[in-house]
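# Summary of structural features
Spelled out from the first residue to the last, the chains are:
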Amino acid sequence: MSDILRVPVGLGDRAYDVLVGPGALAAAGPELTRHFPRGRALLVTDRNVAGLHLETVSRQLAELGLRVDPIRVDAGEATKSWAGLEAVVNALLDHQVERSEAVIALGGGVIGDLTGFAAAVTKRGLDFIQIPTTLLAQVDSSVGGKTGINTRHGKNFAGVFHQPRLVIADRDLLTTLPERELRSGYAEIVKAALIGDAPMFDDLEAAGAGVLDGNRLDGAVAAAIAFKARIVAEDEREGGVRALLNLGHTFGHALEAEVPKDAIRHGEAVAVGMALAFAYSAHRGDCSSDDAARVTAHLRAVGLPARIRELNYATWKPARLVARMRDDKKNKDGRITLILARGIGQAFIDPAVDEADLLTFMETQLS
Ligand code: NAD
Ligand code: GLY
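Let me sum up the structure you'll find in this document. (Residues numbered from 1 in each chain as written. Chains lettered and ligands numbered in written order. Predicted model: local features only at pLDDT ≥ 70, side-chain atom pairs only at ≥ 80, totals over all residues. Heavy atoms only, no water.)

## Comments concerning the site of ligand 1
- Near ligand 1, the surroundings consist of 25 residues, among which D46, G109, T133, T134 and T176 are the closest.
- One of the side-chain nitrogen or oxygen atoms of D113 is found 2.9 Å away from a nitrogen atom of ligand 1.
- One of the backbone nitrogen or oxygen atoms of L173 is found 2.8 Å away from a nitrogen atom of ligand 1.
- For ligand 1, whose free accessible area comes to 870 Å², the fraction covered by protein is 87%.
- Among the secondary structure elements, those contributing two or more residues to the shell around ligand 1 are α3 (47-63), α5 (109-121), α6 (135-141) and β8 (154-161). (Near = heavy atom within 4 Å. Polar contact = N/O pair within 3.5 Å; in protein donor to acceptor, adjacent residues only side chain to side chain. Areas by Shrake-Rupley, 256 points an atom, 1.4 Å probe, with all protein chains shown as cover. Helix = DSSP H or I, 4+ residues; strand = E, 2+ residues; numbered from the N terminus.)

## What to know about the packing of helix α11 (residues 266-284) against helix α12 (residues 289-301)
- Put simply, α11 and α12 touch, their axes get as near as 8 Å, and they point 165 degrees apart. With respect to each other, α11 and α12 are oriented roughly antiparallel. For the pair α11 and α12, the crossing hand works out as left-handed. Each of A271, M274, A275, F278, A279 and A282 in α11 lies in contact with α12, whose residues at this interface are S289, D291, A292, V295, T296 and L299.
- In the contact of α11 with α12, the residues fall into 9 nonpolar, 2 polar and 1 charged. (Axes fitted to C-alpha atoms, helices over the stretch in contact; angles between N-to-C directions. Parallel < 35°, antiparallel > 145°, perpendicular 65-115°, else oblique. Left-handed = near helix turned anticlockwise from the far one by under 90°. Contact = heavy atoms within 4.5 Å. Nonpolar A, V, L, I, M, F, W, Y, C, P; charged D, E, K, R; others polar.)

## Observations concerning unusual backbone geometry
- Despite not being glycine, Q96 has its phi angle at roughly 55 degrees, a positive value.
- By the secondary structure assignment, Q96 is in the loop between α4 (82-94) and β5 (103-107).
- Positive phi outside glycine occurs at R124, with the angle close to 60 degrees.
- Along the chain, the position of R124 falls in the loop between α5 and β6 (128-132).
- Using a relative accessible area of 76% as the deciding quantity, one classes R124 as exposed. (Buried < 20%, exposed > 50% of the residue type's maximum accessible area, 1.4 Å probe, protein only.)

## Quick notes on helix α8 (residues 198-207)
- Of the residues making up α8, those classed as buried are M200, F201, L204 and A207. Down the axis of α8, the buried side of the element spans an arc of 125 degrees, and every buried residue falls inside it. In α8, those exposed residues whose orientation departs by more than 90 degrees from the buried face are P199 and A206.
- Packed against the buried residues of α8 are α7 (179-196), α9 (214-234) and α12.
- Of the residues trailing α8, G208 is marked for its positive phi of about 55 degrees. (Arc of directions from axis to C-beta.)

What follows is the structure, encoded as structure tokens:
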């Protein structure tokens, strides 16, 4: 276990650890197996991940004394649905799951969110363990207990807070991840630094594109998780500071909503969204244009887009983007809430942005 980094998430009687690094799963031992008193592990995964990793993961779990009963669902956002939830809950019940048993989520954010929700409602609450297989899921969605599905009203509109008992962020599972997915997940690492950890940003900036390599990536993953863990421990249910984790997301969701499905990755939209949040903060005089320029330069150095025009879509309309931002579920009293910054590592929440000024800014971005 010596090379494995351990990040605690301090939530009292619901506290848990995140194990980070190559070989974390094989090294987990009794702290994993104690959640499976019947010697078998019900494991939810998508068909892509099953094809790539189920055999190896099942073998590693067998070496720890666990038999795996897999539940396979289709890959993709459409599975995070009422139908997907029903399928997983029924599959758990078909396997006669008992309340003493945990359920494993092996996959990206879709599988983690869906499995966590299914575990929370099956037999009034089962424990679950996250084994995230995308970088985004390792640094963001597997930690913090937000679970849920999409409804016809929007993304993540039904769900519950249900913390995992353990998260295993094993870098070996990322080896099959396409480069674009890896970079997209990296946006959520930069996000942590930009919100509240300026020295971390200095390190990422110094590493440049090399930050996505091996051991450096483990350190960055652990730092981002530790940052998120601190925020979650302070504000588990997003009454206040947890909203900071949405840096770049209000802009990003508006961009995602405007493009054909799957045209851009979530992390690409968030990258542009973070650059916009800093550029808009500079436009308002909240932060220096030097800091905004550093953000843009680093995103580009790692191969992420930093300007709206760098996203693969032609017909951006500033007023439509602002209208999309008005629909964001974080808004209150009809005013747009944005996460802005006074500098790198100094994000803050503005709960009532001046919409006319925001529109002017978006027009300049697209002129
Ligand atoms: P995803 O789960 O759809 O995975 C992306 C694709 O990569 C899928 O096709 C998947 O099959 C494939 N894949 C997964 N692991 C792989 C691997 N190791 N090798 C090759 N392919 C692999 O998407 P995602 O980006 O991981 O997560 C996005 C979801 O996470 C969204 O639904 C979003 O709402 C949610 N999310 C939740 C939180 C939270 O706090 N709960 C935070 C951020 C995002
Ligand atoms: N991904 C945002 C949060 O967990 O709050």
